[in-house]
Amino acid sequence: GCGVASTTASLVVTPNNTITLSSASGTESQTLCINTAITSVTYTTTGATNATFAGLPAGVGGLWSGDVVTISGTPTASGTFTYTITLTGGCGVITKTGTIVVTPNNTIVLNSAVGTNAQTVCINGTITNIRYTTTIATGATVTGLPTGLTYGWSANALTISGTATVAGTYTYTATTTGGCSVASATGTIVVTAANTIGLSSASGTESQTVCISTPIANLTFATTGATDATSTTLPAGLTGLWAAGEYRVSGTPTVAGTYSFTVTTSGGCGVASTTASLVVTPNNTITLSSASGTESQTV
């Protein structure tokens, strides 16, 4: 034949897509508290025209734009989430995985018997131990406790115990430390003062002298804390009555003599007592002391 004929051809070989972490090392595997924004995770891609995302926690999303993948947001569910990024378009099936651990908020829940977080004890009395179970926290503190009570936290258990030495009404607050967020619980401890009893009538009425068959002066004793009061044996003719926080002794003594009696509280916290005395003087007498008949004689 005549001459030489030729032709050319070209072949473009496109490399597979790539994806490379571009945010700080470790951001692809992070742990954070629920309802806290994650540190944004970014990847640089080549070849791809988009990306899809799977396995991200609720509240967190992914975006591909301008060859950059960005994962960001605020997780609203706790758990361990292994996510997968899959590049689309370009060549090859390219994926990248990472992990986001979302820690739930702390909790604190009463673990001792119902009502132990709202109890009443007598002063210098030992409380029923109050126990709480905590989760996530690394410790706990308690404020507002009565003097004499202490607390301790160990292995997710908080215990309040001790002997209350100062009367009053105390509202305490138990608060978690460490972990995620702050969980707290409140309770009330009422420390009741010891019973008291004291003279409430006029001074001196607790030690009086009266003539037989004559009413005694008003004699009363005021009490606190008690639910009743009683007296040792009273002189004949007298009675004792406790009502509305007061013990009243009244009446008319019918037998002469010197008497001492004790009034003692009951109920409430402890026992309080006081003493009183009463001298009952007999009526005057007159008796003939000369020889019989001299009271009637003729001279």
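Model, not experiment: these values are computed from the prediction.

Counting secondary structure elements, the protein chain contains zero helices and 24 strands. Taking the principal axes of its C-alpha atoms as reference, the protein chain extends roughly 210 × 25 × 25 Å. For the protein chain, the proportion of its 299 residues judged to be buried stands at 30%. Taking as baseline every contact in the protein chain between residues at least 6 positions apart, the subset at least 24 positions apart corresponds to 58%. Carbon and sulfur atoms make up 54% of the accessible area of the protein chain, which totals about 16000 Å².

Turning to the nonpolar core, a few remarks are in order. Core analysis: the largest hydrophobic core is formed by 20 residues, its most contacted members being Tyr-43, Ile-71, Tyr-83, Ile-85 and Ile-100. Put simply, the parts of the chain that give this core at least two residues each are strand S3 (41-46), strand S5 (60-65), strand S6 (68-73), strand S7 (79-88) and strand S8 (95-103). Per element, the largest residue contribution to this core is four residues, and it comes from S7. Other than its neighbours up to four places away in sequence, Ile-71 contacts Ile-38, Ser-40, Val-41, Phe-53, Leu-56, Val-60, Gly-61, Gly-62, Tyr-83 and Ile-85. If you look at the next biggest cluster of nonpolar residues, it comprises 19 residues, including Leu-149, Ile-160, Ala-164 and Tyr-172.

Read across the sheet, four strands follow the order S9-S11-S14-S13 without closing on themselves; strand pairing throughout is antiparallel. The open sheet terminates on both sides in strands that have one partner only, identified here as strand S9 (107-110) and strand S13 (149-154). In this sheet, neighbouring strand axes are inclined to one another by 20° on average, regardless of whether the strands run parallel or antiparallel. Judged from the four bridges that link them, strand S11 (residues 130-135) and strand S14 (residues 157-162) form a sheet pairing that is antiparallel. Across the sheet, the residue bridging to Arg-131 is Thr-159, located in S14.

In this section: the state of the cysteines. If you walk through the whole model with that rule in mind, you get two disulfides. The disulfide partner of Cys-122 is Cys-269, and the S-S distance across this bridge is 2.0 Å. Note on the Cys-122 and Cys-269 pair: the S-S dihedral is about -80°, so by sign convention the disulfide is left-handed. Here the residue Cys-122 occupies a position in strand S10 (residues 118-122), and Cys-269 occupies one in the loop between strand S23 (257-266) and strand S24 (273-281), the gap between them amounting to 147 residues. Overall, Cys-122 belongs to the partly exposed group, its relative accessible area being 31%. Under the relative-accessibility criterion, Cys-269 is labelled buried at 6%. Cysteine pairing for the protein chain, with bonded cysteines counted in sequence order: 1-3, 2-4.

Spatial strand order, S10-S16-S15-S12: four strands in an open sheet with mixed pairing. Looking at the sheet topology across the chains shown, the edges are occupied by S10 and strand S12 (139-143). Across the sheet, the mean angle from the axis of one strand to that of its neighbour is 25°, orientation sign disregarded. Bridge count between S12 and strand S15 (residues 168-177): five bridges; the pairing is antiparallel. By the bridge assignment, Thr-141 is partnered in S15 with Thr-175.

With that settled, consider unusual backbone geometry. The residue Ala-155 is not glycine, and still its phi comes out positive at about 50°. Turning to its location among the elements, Ala-155 is positioned in the loop between S13 and S14. Taking the relative accessible area as the measure of exposure, Ala-155 reaches 68% and is therefore exposed.

Calculation rules
Residues numbered from 1 in each chain as written. Predicted model: local features only at pLDDT ≥ 70, side-chain atom pairs only at ≥ 80, totals over all residues. Heavy atoms only, no water. Helix = DSSP H or I, 4+ residues; strand = E, 2+ residues; numbered from the N terminus. Buried < 20%, exposed > 50% of the residue type's maximum accessible area, 1.4 Å probe, protein only. Contact = heavy atoms within 4.5 Å. Areas by Shrake-Rupley, 256 points an atom, 1.4 Å probe, with all protein chains shown as cover. Core = buried A, V, L, I, M, F, W, Y, C linked by side-chain atoms within 4.5 Å. Pairing = 2+ DSSP bridges. Axes fitted to C-alpha atoms, helices over the stretch in contact; angles between N-to-C directions. Disulfide = S-S within 2.5 Å.

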